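# Structure at a glance
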Amino acid sequence: MPEPDPTPPPPPPPAPAPAPTRRLTVAQALIAFLARQFTERDGERHRLIDAVWGIFGHGNVAGLGQALVEAGGAMRYVQGRNEQAMVHAAVGYARQSGRLSAQAVTTSIGPGATNLVTGAALATINRLPVLLLPGDTFATRPADPVLQQLEARAAGDVSVNDALRPVSAYFDRVTRPEALIPAALAAMRVLTDPAETGAVTLALPQDVQAEAYDWPAEFFAERTWRVRRQAPDPDELADAVRLVRAARRPLLVAGGGVRHSRAESALAAFADVTGIPVATTQAGKGALPYDHPCEVGGVGHTGTATADELARAADLVIGVGTRWSDFSTASATLFSDPAVRFLNINVTGFDAHKLAAHPLVGDARTALEALTDGIAAAGGHRVDPSYAAGYAEGKRRWEARVDAAFAADDDLAVPTQGQVVGALDALVTADDIVINAAGSLPGDLHKLWRARSLDQYHVEYGYSCMGYEIPAAIGVMTAASPGRPVWALVGDGTYLMNPTEIVTAVQQRLPLKLVVVQNHGYASIGGLSESVGAEGFGTAYRFRAGARAEGAFTGDPLPVDLAANAASLGMRVLRAKTVRDLREALAAAREADTPTCVYVETGTADTVSAVPPAQAWWDVPVAETAGRPAAVRAREAYDSNRANRRRHL
Ligand SMILES: Cc1ncc(C[n+]2csc(CCOP(=O)(O)OP(=O)(O)O)c2C)c(N)n1
Ligand SMILES: [Mg+2]
């Protein structure tokens, strides 16, 4: 038997104090968490989630609705009228914030949630962060089906919110309270990652939203998400330097990534040193101011003659922050030099590899700076003076065409759409912001607009979604410095699709400036329809011909008064009948500090317009067999155009 040890065992160490917790519902915890998230880039710090937009119904009224009222001033709430429009507003906000700050949108279950789908797709296509918080059916499913629940018969765990998966950059469903912790962290990571961002959806079953849980207090600690500036790989950079120095006819195409990265100075420095001309996509317009000697305007189907000629002859095309949509490549027909090569600077490998390009994966600003430095270190490079003289002359010629499109010989005439754009162009300074997305205006603006500052030209052409403009203007006004005039330009078709957020602008006392261009229908699609042999079918807002109203839409214009409609929603409305009226109305609207609408009729689609036609093709397939002569002729033209398609390998 061993001797018993006389010294008693040491007392057990004191149990660690339990980690502090806070008892909150899932919805309360989410709002408390969101209020403490920040972003940081270049030493600038921003609140990540600026506000929560919402429309309440069952699925969020008792969860997030109760949490927002309890949060008080910690989280701003904005009341919307339509869920899709709330996402558009949040997208406008995110773009104007340089993707350093975002807004959230909460909805009820069912129709409220599925109304998000279009907005989510728009956000994800344009790589803009929005946080979507749709209510979802009960996780515990005590009484299936609840009101507005679609039962997928073959899958008990599917709800209509699953429709948001393919349009979201990240999707999660919080079916247990504690699952909020990883879901919320993943959501913030994706929102703030320049390569991944888009619509982030956290579907929140309505019972779970109201359930309480003891949250670790550190979940609510302030967290800062650094928005990274990815540096390029040295070998990819060395290849890029060699390619640029070897190019004789280079063209740079600037996309939205230049803007998101705030790479305008780096781009100007690169252009100044190399003399390489800079064309722009819709999202990139403004990357250089219009009067910079290297700026040659829009590229592609809605591009300038100057940029498109350069594109056809280019031996090296440098894409910066572009997704290379068909409008920019003229549906794979634009870059026609047999030896053309591509160099893509992009924050995602996905886009950097498009067109079989040499990728230079990285942040646009960091990569452009590295490329400029690399070229200098290798002995410098500048385009031939004759090349620079050639595009300078092209730029002058195009400016003359812009002047012609804007010119008005008769001040008392009904304005053309070109003159509407021209009247606004004559009025604005670098402070004004012009928003548009669909119809015939995006093409006219891409060809004609003189972008004076990086963020002046706000045309959403990734999804080109009718109805983006008015709500987006609200988001832009929220993010822009106060006093900047923000203009939403809409056609009559677009106005009719989504005017409801006018009420929100009125409620928020935002001096929205709305220009409604009335041409009695879908002029853009009418023109497209003519060109593809469909004879404008179904595109005019006119009465049906024939005694029993069964014929084609060729009768009188509909007696619809959109100006009166805007006034009824709370706007001050200025009707402009002539070019002179228009100038006066736009000037008055610019000064106004309340929501003001300028309503202008530009006549019917056959109004002669001096806006230059498309300088490059766009692929819209035409009927291969048809009885009507217009369609047969259109198909012949189509076949000859599509023979120029090219797969870059
Ligand atoms: C939500 C949505 N539906 C349909 C379209 C297809 N589309 C593009 S332009 C357009 C017509 C737009 O009409 P309007 O706003 O009056 O402009 P206009 O063509 O007359 O200039 C349509 C239907 C779209 N872009 N977005
Ligand atoms: Mg129209």
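Residues numbered from 1 in each chain as written. Chains lettered and ligands numbered in written order. Predicted model: local features only at pLDDT ≥ 70, side-chain atom pairs only at ≥ 80, totals over all residues. Heavy atoms only, no water.

## Quick look at the overall build of the protein
- Looking only at helices and strands, the protein features 24 helices and 23 strands.
- Here the protein has a C-alpha radius of gyration of 28 Å; the compact-globule value for 649 residues is 26 Å, and the two agree.
- In terms of overall dimensions, the protein has a C-alpha envelope of 110 × 75 × 55 Å along the principal axes.
- Residue pairs in contact within the protein that sit at least 24 positions apart in sequence constitute 76% of those at least 6 positions apart.
- When the 60 basic and 70 acidic side-chain charges of the protein are each reduced to a single mean position, those positions are 2 Å apart. (Helix = DSSP H or I, 4+ residues; strand = E, 2+ residues; numbered from the N terminus. Rg over C-alpha atoms; globule rule 2.2 N^0.38 Å. Contact = heavy atoms within 4.5 Å. Lys, Arg positive; Asp, Glu negative; His and termini not counted. Charge placed at Lys NZ, Arg CZ, Asp CG, Glu CD.)

## With respect to the coordination of the magnesium ion (ligand 2)
- Taken together, the protein ligands of the magnesium ion (ligand 2) are D492 (OD), N519 (OD1) and G521 (O), with distances of 2.0 to 2.1 Å.
- One chain supplies every donor for the magnesium ion (ligand 2), spaced along it as D-x26-N-x1-G. (Donors = N, O, S within 2.8 Å, 3.2 Å for Na, K, Ca; no water.)

## Things to note about the sheet that holds strand β15 (residues 316–320)
- Taken in spatial order, the 6 strands make up an open sheet running β14-β13-β12-β15-β16-β17, and their pairing is parallel. Each end of this open sheet is capped by a strand with a single partner; those strands are β14 (295–298) and β17 (358–361). The average angle at which neighbouring strand axes cross in this sheet is 20°, direction not considered.
- Here β15 pairs with strand β16 (residues 341–346) via 5 bridges, running parallel. Opposite L316, over in β16, you have R341 as the bridge partner.
- Taken strand by strand, helix α8 (residues 234–246) contacts β15, β16 and β17, and its axis lies near 125° from that of β17. (Pairing = 2+ DSSP bridges. Axes fitted to C-alpha atoms, helices over the stretch in contact; angles between N-to-C directions.)

## So, the packing of aromatic side chains
- Summed over all chains, the structure comprises 13 aromatic pairs.
- Relative to F342, the ring of W324 lies with its centre 6.2 Å away and its plane at 80°, an arrangement referred to as edge-to-face. Taken together, the residues W324 in the loop between β15 and α12 (326–329) and F342 in strand β16 connect sequence positions 18 residues apart. Of the two residues examined, W324 and F342, each falls in the buried class.
- What links up through ring pairs into an aromatic cluster is the set F33, Y213, W215, F219 and F220.
- The aromatic ring of F38 is capped on one face by R45, whose charged end is 4.0 Å from the ring centroid.
- The ring of Y457 has K285 lying over it, and the distance from NZ or CZ to the ring centre is 5.5 Å. (Phe/Tyr/Trp six-rings, centres within 6.5 Å; stacked < 30°, edge-to-face > 60°. Buried < 20%, exposed > 50% of the residue type's maximum accessible area, 1.4 Å probe, protein only. Lys NZ or Arg CZ within 6 Å of the ring centre and 35° of its normal.)

## Focus: the packing of helix α1 (residues 26–34) against helix α6 (residues 180–191)
- Packing of α1 against α6 brings their axes to within 11 Å, and their N-to-C directions diverge by 35°. Considering the relative orientation of α1 and α6, their crossing is right-handed. The residues of α6 that touch α1, namely those facing V26, A29, L30, F33 and L34, are L180, A184, L185 and M188. (Left-handed = near helix turned anticlockwise from the far one by under 90°.)

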